[in-house]
Amino acid sequence: MAVPKRKTSKARRDKRRASAYQLPKVTLVECPQCHELKVPHRVCGSCGYYKGREVIKVEK
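None of these values were measured; they are calculated from a predicted model.

(A) Structural view of a positive patch on the surface. Taken together, the side chains of Arg12, Lys15, Arg16 and Arg17 make up a positively charged region of the molecular surface. Looking at the secondary structure, you find Arg16 in helix 1 (residues 10–17).

Put into structure tokens, the structure is as follows:
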């Protein structure tokens, strides 16, 4: 059975683990009504539309 010759340093260990802690990139799409960026499958915060219908009233 293989046995490590040297202790793995904290820096090397943490560099290896760092890839698991990254947050995924946020996907943004353009709203077809007002052309602002929004998260897909969510109501647009600037115009209040979703799938071509006004879902919420947004005061301007």
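There is more to say after this.
(B) Here's a closer look at the state of the cysteines. Taken as a whole and assessed by the stated rule, the structure comprises 0 disulfides. In this model Cys44 remains outside any disulfide bridge; the closest cysteine sulfur is found in Cys34, 3.6 Å from its own. For Cys44, a relative accessible area of 1% translates into the label buried.

(C) Highlighting a nonpolar patch on the surface. A contiguous nonpolar patch, built from Val26, Leu28, Leu37 and Val39 and spanning about 390 Å² of accessible area, is present on the exposed surface. You can see Val39 is positioned in the loop between strand 2 (37–38) and strand 3 (49–50).

(D) Molecular detail of the side chain of Lys38. As for its placement among the helices and strands, Lys38 is situated in strand 2. No salt bridge is formed by the buried Lys38, whose closest oppositely charged neighbour, Glu30, lies at an N-O distance of 11 Å. Within the structure, the side chain of Lys38 is placed 3.1 Å from the backbone oxygen of Arg42, a separation counted as a polar contact. Excluding anything up to four places from it in sequence, Lys38 contacts Thr27, Leu28, Val29, Cys31 and Cys44.

(E) Region of the structure containing the pattern of salt bridges. With the rule as written, the count across this model stands at 1 salt bridge. Between Arg13 and Asp14 there is a salt bridge; the shortest N-O distance is 3.0 Å. A residue is classified by how much of its surface remains accessible, and Arg13, at 29% relative accessible area, is partly exposed. In this structure Asp14 comes out as partly exposed when scored by relative accessible area, which is 38%.

The rules behind the values
- Residues numbered from 1 in each chain as written.
- Predicted model: local features only at pLDDT ≥ 70, side-chain atom pairs only at ≥ 80, totals over all residues.
- Heavy atoms only, no water.
- Patch = residues over 30% accessible without salt bridge, like charges linked within 9 Å, V, L, I, M, F, W, Y side chains within 5 Å.
- Areas by Shrake-Rupley, 256 points an atom, 1.4 Å probe, with all protein chains shown as cover.
- Salt bridge = Lys/Arg side-chain N within 4 Å of Asp/Glu carboxyl O.
- Lys, Arg positive; Asp, Glu negative; His and termini not counted.
- Charge placed at Lys NZ, Arg CZ, Asp CG, Glu CD.
- Helix = DSSP H or I, 4+ residues; strand = E, 2+ residues; numbered from the N terminus.
- Disulfide = S-S within 2.5 Å.
- Buried < 20%, exposed > 50% of the residue type's maximum accessible area, 1.4 Å probe, protein only.
- Polar contact = N/O pair within 3.5 Å; in protein donor to acceptor, adjacent residues only side chain to side chain.
- Contact = heavy atoms within 4.5 Å.

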